[in-house]
Amino acid sequence: MIGYAEQVGATVYVRNANGGLMWTKAGTLVGYTSTTVAIKQGSVTYICGERGEIKFTR
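Residues numbered from 1 in each chain as written. Predicted model: local features only at pLDDT ≥ 70, side-chain atom pairs only at ≥ 80, totals over all residues. Heavy atoms only, no water.

Observations concerning the packing of aromatic side chains
Defined as follows: Two rings from Phe, Tyr or Trp (for Trp, the six-membered ring) form a pair when their centres sit within 6.5 Å of each other. Planes less than 30 degrees apart are called stacked, planes more than 60 degrees apart edge-to-face, and all others tilted. For a lysine, the NZ atom is tested; for an arginine, the CZ atom; a charge sits over a ring if that atom is within 6 Å of the ring centre and within 35 degrees of the ring normal.
In the structure shown here, the tally under the stated rule is zero aromatic pairs. Sitting above the plane of the Y46 ring, K25 keeps its charged end 5.5 Å from the centroid.

Now the structure itself:
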């Protein structure tokens, strides 16, 4: 379960409910839920899952 996601510089850090680092990805944070994180890289937005896997793009 994703606790929260935060933008630090050009990197998005995704953390669990206890604040532990789950994964990072370069880009701009668009938004997040408890199961997905949306990150924009250029003109493409990636929807990533809890393990950082790309679920789909838009």
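Thoughts on the environment of T24
Stated formally: Counting from the N terminus, the helices are DSSP H or I runs at least four residues long and the strands are E runs at least two residues long. Contacts are residue-level and defined by heavy atoms, with any inter-residue pair within 4.5 Å sufficient.
In this structure, T24 sits in strand 3 (residues 21-26). Distance in space between the C-alpha atoms of T24 and G49 is 12 Å, their sequence separation being 25 residues. With near-sequence residues (within four places) excluded, T24 lies in contact with T11, V12 and Y13.

Quick look at the environment of A38
Looking at the element boundaries, A38 is found in strand 5 (residues 37-41). Linking A38 and T57, residues 19 residues apart in sequence, is a C-alpha distance of 9.1 Å. For A38, the contacting residues outside a window of four places in its chain are T28, L29, V30, G31, T45, Y46 and I47.

With respect to the pattern of salt bridges
Inclusion rule: One speaks of a salt bridge when a side-chain nitrogen belonging to Lys or Arg is within 4 Å of a carboxyl oxygen belonging to Asp or Glu. Exposure is judged per residue with a 1.4 Å probe applied to protein chains only, and the accessible area is read against the type maximum: over 50% gives exposed, under 20% gives buried, and values in between give partly exposed.
Scanning all chains against the criterion turns up three salt bridges. With a shortest N-O distance of 3.8 Å, R51 and E53 are connected by a salt bridge. On the basis of relative accessible area, R51 is assigned to the exposed category, the value being 70%. Measuring nitrogen to oxygen at the nearest pair gives 3.8 Å for the salt bridge that ties E53 to K55. With relative accessibility at 25%, the residue E53 sits in the partly exposed group. Taken together, the salt bridges that share partners define one network made up of R51, E53 and K55.

Topic: the nonpolar core
Condition: Nonpolar cores were defined as sets of buried Ala, Val, Leu, Ile, Met, Phe, Trp, Tyr and Cys residues, with membership established by side-chain atoms within 4.5 Å.
With nine residues, the main nonpolar core is built from I2, A5, V12, V14, W23, V37, I39, Y46 and C48. Of all the secondary structure elements, the ones that give two or more residues to this core are strand 2 (11-15), strand 5 and strand 6 (44-48). When neighbours within four sequence positions are excluded, V12 is seen to be in contact with A5, E6, Q7, W23, T24, K25, G27, T28, L29, V37 and I39.

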